Structure formats: C-alpha cells, structure tokens
Amino acid sequence: MIKMMREISLMFVTGLWVMSNISLATDALSFLPSRSNRLIPKTNAFISRPSSYRTSRYKSTSTLDMKTNNKPPYPVRVTVMGGGNFGLALATVVARKGVPTTLLVRSDDVATKINENHRHPTKMTDICLPRTVRATTDKALALSDATYIIHAVPVQYTRAFLESIKDDIPANVPVLSVSKGIETSSLGFMADIMKECLGEDRSYAFLSGPSFAREICEGVATAVVIASEDLMLAEDLADLMAGEDFAVFTSRDVIGVEVGGAVKNVIAIAAGMCEGLGLGTNAMSGLVTRGCGEMRRLGIYLGARPSTISGLSGVGDTFGTCFGPLSRNRKFGYRLGKGETPEEIRASMTEVAEGVDTSIALVKMIKQRCKGYRLDLKYPILFGVAEIIEGNMKPLEGLQGLMSFPTRMENYDERF
C-alpha cells in the first residue's frame, strides 16, 4: 500500500513538472516573430490580424495590439506624403487596418476639407476616407512620430520635394515609394533618387502592380508586390497593408519592380495610340505583347529577374494600364492617336501621366547604359513613343513603322 502511494505521488510530481515545462515552452514560442505577429522595428508594437477581421470588414480597432493583454508602448503611425489619387488610396488601405494615418498635403484648404468632410475636395470627391485619416501641411507634425512613411509624389517632382522635407524625416524611419518612372534630369529610378536625397543608411521599399486608386478605395480586389533589399521590411509592410481586398506579395528584386513600373506606362501610351487610331484588338494585343518583350529585355540587361518582369509589377501592371479604362497614360495615348498634340493634352489634364516624361528619359537611359548594335531595333516601341512625344513622328507613322519591320525571330535574344 505504501509502495503504491509513493508511485502515485511520483507520477503526480512528474506530471506537474511536464505541464510546467510545456507552459514555459509555449510562453517562449509566443514571443517569436511570425508573419502574422511580427515585432515592428523601433516601436516594440505588434501588427496582428484580429480574429474578427474576416467577419467584420474594415471595423478593426485592435490591429496594433499584442496578442496578449499588454498594449504596445508606442502606436504604429503612418504618414503618406502626397495627396493625389494614389496617396489617398494607400492612406485608405492603411487606415482601414486601424492604423492612425496622416496625409501630408500642400494646401491648407485641402487639409481642412479632408479633416472636416473626410473627402478630398477635388480628387475622387465621391470617396469617403476613413476617419482615422488626418491631413496636414505641417511637415514636422506629419513626420516626427511616423513609424513608416509612404512616398506618393510623382517622380519628376520627387527630388525637389524630398530636399524640402529631408530634415524633418526621423533617422532610420523606412520609406515605401509608390511612384513609378525615371527622372528626366538624372535618368535614375526612384531607388536612386531616394538614396541620393535621404541617404544610404535608411531602408527603402517599392510598391507596384495593377492597382488603380479608385478601385482600391472602393474595396475591389487588388494584388500588388512590395520589393526591398531588406526583406524583413517588405514583409512588415505586407502585414501592415494586406487585407481581405488587398493582397500584398514581397520580393527582393527592386530593379525588376522599378523597370516594370516605368516601362509599363510607356507601353500604355502606345496602346492608347493604337486604340485612338482605331486599329483594333489584334493590333493592340500584338503591340502590348511586343512591348512586354522590350520590358523583359531591358530588365534582364539591368539585372532584373525574368520572373519579376512576368509578375505583378511587370506584365500584370502593363495589362491593367494598357486595357484599363482608368489609366491616365492610356488616355494620353488615345488622345494622341485622335490627333491632339502632347502640349494640348498636358494643358487639359489635372493629373500626371508619368509615362510621358518617362518615355524620353527611358530612351536616354537605354542609350547611356545599354551597349550594343542598333538599340532602336531592340526597343522599337519604347524609341517610337519617345519620338512621337517629342513631335518627331506622327502616331500612325510610328505604328506603320512597327509593321514594316524586317522578318526575324520573335525573341531577338533567342537566336539558337
């Protein structure tokens, strides 16, 4: 009897020891970062998708809380620089996740209207912004406590803008650029401009993909990619922005994402001209396909991965921009095809068609960086659009020139 009692007692103590160690192991594992529960750099705050997100759309107020009952010492805050359509769209994406979001705009009147009416007075005026979006013209106020900064200023205005606010951006705060194109003065991509203006010691990321601002605000399903040399930053930003209607993928291929984002706008101008000339679906499909081939050739030459060019930021964004009714670059090309001049179109547009300036900068960059014989034969669409924008050729002449090219293999660099 005594021996039996000792055995029972030993089993009880052993059971307590096992349960205690399981509890300790569980507690230890709960502090390991994962894709759905990752420690945000510099804030000690976790981003975690609330369990009610799927069933209670856009009503989360706890996305910044830890999974335990402890509150983060510093809330995650996002500042969006630029009050254009895409700046408004990404501010909406972030704010719908319960994140306090500040829009840095140029006009006090615009800031007041957004804060009072939760609508932009001139851009997508029918779209109601989340109440957690606040607007200001005060650079120091907008940037001083930002955890992440989203840059949504057009490429050709980026350098001057960053020079004016660089002293107000806290050190080490990462910047996500959503601008696409090539600067006409330096022939650099956004990654080059960012590092030159804000320094090499900061982490940068770049978002691209088929993503019209209006559809994002309306909650239409959208998929984008964020590329960064710092993959942890890309994944943190993906967690920050991803939602039921906004899928975010990640990549390390910054140059691939940048090439796709720049070239697709030029191809869209060509596609718009094709439609404006009334050349039909066959011609437009062939033109866009050949344009994607030029994008791939340039991307590979500059060090991009072919998979990136064939992904969301390359072919995916090209399809959306060339065939989507909301595309500014396609509309610009359509009006060119109808006979208007670039100057007339620019004078009547209220938004920037990035592909116009990028087309000229792109050709200059190709001539500067790409070595080889007859570059105009390797990039006929990109060269042709630039010629038309500069007034050296009519749209119909350019497209007729493409059709009169000598017979050769479909892929220029696969002659084996």
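As shown above, the structure is provided for reference.
For clarity, every value in this text was computed on a predicted model and none was experimentally measured. Numbers given for residues are sequential positions, taken from 1 along each chain in its written order. A pLDDT threshold of at least 70 governs which residues receive local features in this predicted model, and a stricter bar of 80 or more applies before side-chain atom pairs are shown or counted, although totals over entire chains, interfaces and linings include all residues. Hydrogens are left out, water is left out, and the side-chain values use all remaining heavy atoms of the structure.

Visitor: Can you walk me through the overall build of the chain in this structure?
Guide: Note on conventions: DSSP H or I runs of at least 4 residues are helices, E runs of at least 2 residues are strands, and numbering of each starts at the N terminus. Counting its secondary structure elements, the chain contains 18 helices and ten strands. Throughout, exposure labels follow a simple rule: accessible area from a 1.4 Å probe, protein chains only, divided by the maximum for the residue type, with under 20% read as buried, over 50% as exposed, and the rest as partly exposed. Considering the chain as a whole, with its 416 residues, one finds that 48% of them fall into the buried category. In this description, accessible areas are obtained by the Shrake-Rupley approach with a 1.4 Å probe, and a residue is regarded as covered only by the protein chains that are shown. Here the chain displays about 20300 Å² of accessible surface, and carbon together with sulfur accounts for 55% of that area.

Visitor: Would you mind showing me how to read the pattern of salt bridges here?
Guide: In a structure, side chains of opposite charge can pair up when their charged atoms sit close to one another. Here, a salt bridge means any Lys or Arg side-chain nitrogen found within 4 Å of an Asp or Glu carboxyl oxygen. As enumerated under the stated definition, the model contains 14 salt bridges in all. Residue Asp-145 pairs with Arg-77 through a salt bridge whose shortest N-O separation is 3.4 Å. One end of the pair, Asp-145, is in the loop between helix H4 (139-143) and strand S6 (148-151); the other, Arg-77, is in the loop between strand S2 (46-48) and strand S3 (78-81), and 68 residues separate them in sequence. With a relative accessible area of 32%, Arg-77 lands in the partly exposed category. Notably, a salt bridge pairs Lys-166 with Glu-163, separated by 2.9 Å at the nearest N-O pair. In this structure Glu-163 comes out as partly exposed when scored by relative accessible area, which is 37%.

Visitor: Please clarify how the environment of Glu-215 should be interpreted in this entry.
Guide: Counting through the fold element by element, Glu-215 comes out in helix H7 (residues 213-217). Between the C-alpha atoms of Glu-215 and Ala-89, which are 126 residues apart in sequence, the distance is 8.6 Å. Discounting residues that sit within four places of it in the chain, Glu-215 has contacts with Val-220 and Leu-326. When checking whether two residues touch, look at their non-hydrogen atoms; a contact exists if any pair is within 4.5 Å.

Visitor: When you look at the environment of Pro-154 in this model, what are you seeing that I'm missing?
Guide: Checked against the element boundaries, Pro-154 lands in the loop between S6 and helix H5 (155-165). For the pair Pro-154 and Val-178, spaced 24 residues apart in the sequence, the C-alpha separation amounts to 8.9 Å. Among all residues touching Pro-154, those that are not within four sequence positions of it are Ser-179, Val-352 and Glu-354.

Visitor: What should I look at first to understand the packing of aromatic side chains in this one?
Guide: Two aromatic rings, taken as a pair, are described by how far apart their centres are and by the angle between their planes. Classification of ring pairs uses Phe, Tyr and Trp, with its six-membered ring standing for Trp, and accepts pairs whose centres are within 6.5 Å; under 30 degrees between planes counts as stacked, over 60 as edge-to-face, and the remaining range as tilted. The full count for this structure, using the stated rule, is one aromatic pair. For the pair Phe-319 and Phe-323, a centre-to-centre distance of 6.4 Å together with 55 degrees between the ring planes defines the contact as tilted. Taken together, the positions of Phe-319 and Phe-323, both in helix H12 (residues 312-323) and four residues apart, correspond to about one turn of that helix. Overall, Phe-319 belongs to the partly exposed group, its relative accessible area being 44%. Phe-323 gets classed as partly exposed once you look at its relative accessible area, which sits at 42%.

Visitor: What's the story with the nonpolar core in this structure? I'm lost.
Guide: Soluble, globular proteins show a tendency: their nonpolar side chains are buried together. Residues grouped as a nonpolar core are buried Ala, Val, Leu, Ile, Met, Phe, Trp, Tyr and Cys residues, joined through side-chain atoms within 4.5 Å. In terms of nonpolar packing, the biggest core is built from 46 residues, with Leu-298, Leu-362 and Ile-366 touching the most fellow members. Only helix H9 (254-276), helix H10 (280-301), H12, helix H13 (328-337), helix H15 (354-369) and helix H17 (380-389) provide two or more residues apiece to this core. Sort the elements by how many residues they give to this core and H9 lands first, with eleven residues. Beyond its immediate chain neighbours, meaning those up to four positions away, Leu-362 contacts Ile-182, Val-263, Val-266, Leu-298 and Leu-382.

Visitor: Any chance you could explain the sheet that holds strand S5 (residues 133-136) here in plain terms?
Guide: Backbone hydrogen bonds hold the strands of a sheet together, and the pairing may be parallel or antiparallel. Taken together, eight strands build an open sheet; the order of strands is S5-S4-S3-S6-S7-S8-S9-S10 and the sheet is mixed. The open sheet terminates on both sides in strands that have one partner only, identified here as S5 and strand S10 (246-251). With direction set aside, neighbouring strand axes in the sheet form an average angle of 25 degrees. A fitted line through C-alpha atoms represents every axis, and for helices the fit uses only the stretch in contact; the resulting angles, taken between N-to-C directions, go from 0 to 180 degrees. Together, S3, strand S4 (101-104), S5, S6, strand S8 (204-208) and S10 form the strand contacts of helix H2 (residues 85-95), whose direction differs from that of S4 by roughly 170 degrees. The pairing criterion for strands is at least two bridges between them, as found by DSSP.

Visitor: Which parts of the structure should I look at to understand helix H8 (residues 231-241)?
Guide: Most of H8 is tucked away: eight of the eleven residues are buried. Of the residues making up H8, those classed as buried are Leu-233, Ala-234, Asp-236, Leu-237, Ala-238, Asp-239, Leu-240 and Met-241. Between the side-chain oxygen at the start of H8 and the backbone nitrogen of Met-232 there is a gap of 3.2 Å, and the oxygen is on Asp-230. We define a polar contact as two N or O atoms separated by no more than 3.5 Å, with the added condition that, inside protein, one atom must be a possible hydrogen donor and the other a possible acceptor, whereas residues neighbouring each other in sequence contribute only through side-chain atom pairs.

Visitor: Explain the pairing of S6 to me, please; I cannot follow it from the model alone.
Guide: Regular strands have side chains that alternate between both faces of the sheet. Covered by surrounding structure in S6 are Tyr-148 and Ile-150 together with Ile-149 and His-151, the residues of both alternating faces. Where S3 meets S6, four bridges bridge the pair, whose relative direction is parallel. Within S6, the position partnered with Met-81 by the bridge is His-151. With three bridges connecting them, S6 and strand S7 (residues 175-177) associate as parallel partners. Pairing of His-151 across the sheet is with Ser-177, part of S7. By convention, orient the strands away from the viewer: a clockwise path from the first strand over the helix to the second makes the crossover right-handed. Crossover S6 to S7 through H5 is right-handed.

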